[in-house]
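Coordinate inspection notes
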Amino acid sequence: MQLSARNQLEGKIVGVDKGAVMANIKIEVTEPNTITAVITKESAEKLGLKEGDDVTAIIKSTEVIIGK
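Quick summary incoming for the structure in this document.

Procedures and definitions
Residues numbered from 1 in each chain as written. Predicted model: local features only at pLDDT ≥ 70, side-chain atom pairs only at ≥ 80, totals over all residues. Heavy atoms only, no water. Helix = DSSP H or I, 4+ residues; strand = E, 2+ residues; numbered from the N terminus. Rg over C-alpha atoms; globule rule 2.2 N^0.38 Å. Buried < 20%, exposed > 50% of the residue type's maximum accessible area, 1.4 Å probe, protein only. Areas by Shrake-Rupley, 256 points an atom, 1.4 Å probe, with all protein chains shown as cover. Lys, Arg positive; Asp, Glu negative; His and termini not counted. Charge placed at Lys NZ, Arg CZ, Asp CG, Glu CD. Patch = residues over 30% accessible without salt bridge, like charges linked within 9 Å, V, L, I, M, F, W, Y side chains within 5 Å. Salt bridge = Lys/Arg side-chain N within 4 Å of Asp/Glu carboxyl O. Pairing = 2+ DSSP bridges. Contact = heavy atoms within 4.5 Å.

Before going further, it helps to spend a moment on the overall build of the protein chain. Each helix and strand in the protein chain was counted, giving 1 helix and 2 strands. Listing the helices and strands of the protein chain from first to last along the sequence gives β-β-α. Its C-alpha radius of gyration of 16 Å places the protein chain more than 25% over the 11 Å reference for a compact globule of 68 residues. The dimensions of the protein chain, computed from C-alpha atoms along their principal axes, are 45 × 25 × 25 Å. Looking at the 68 residues of the protein chain, the share that counts as buried comes to 0%. For the protein chain, the accessible area works out to roughly 7300 Å², and carbon and sulfur atoms hold 52% of it. Averaging the positions of the 9 positive and the 10 negative side-chain charges in the protein chain gives two centres separated by 5 Å.

With that settled, the discussion passes to a nonpolar patch on the surface. A cluster of nonpolar residues, L9, I13, V16, I25, I27, V29, I35, I59, V64 and I66, forms a patch on the protein surface that exposes about 870 Å² of accessible area. Elements with a contribution of two residues or more to the nonpolar patch: β1 (11-18) and β2 (23-29). Ranked by residue count, the leading element in the nonpolar patch is β2, at 3 residues. Structurally, the position occupied by L9 is in the segment before β1.

As defined by bridge partners, β1 adjoins β2 across 7 bridges and the pair is classed as antiparallel. Across the sheet, G11 pairs through a bridge with V29, a residue of β2.

Let's shift gears to the environment of V16. Tracing the chain through its elements places V16 in strand β1. When neighbours within four sequence positions are excluded, V16 is seen to be in contact with N24 and I25.

Glancing now at the pairing of β1. Little of β1 sits out of view: just 0 of its 8 residues are buried. Here β1 hands over to β2 after 4 residues, the two strands then running antiparallel side by side.

Residue placement: T30 occurs in the loop between β2 and α1 (41-47). Taking the C-alpha atoms as reference points, T30 and K50, 20 residues apart in sequence, are found 25 Å from one another.

Written as structure tokens, this is what we have:
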């Protein structure tokens, strides 16, 4: 499947919890080993980011779409 969205993570479904209207799908992700984040230079400088720093990557989105 080809999509224009670049924030795609491959995984395996490890849980399905269906409610009356919504379903929670748990996906175990093993790849990629590296995530690339594109942020402003100002943000990188404000955070003082450098190689070797421990950080948390947070994917900001209004929804997660599942493809099979």
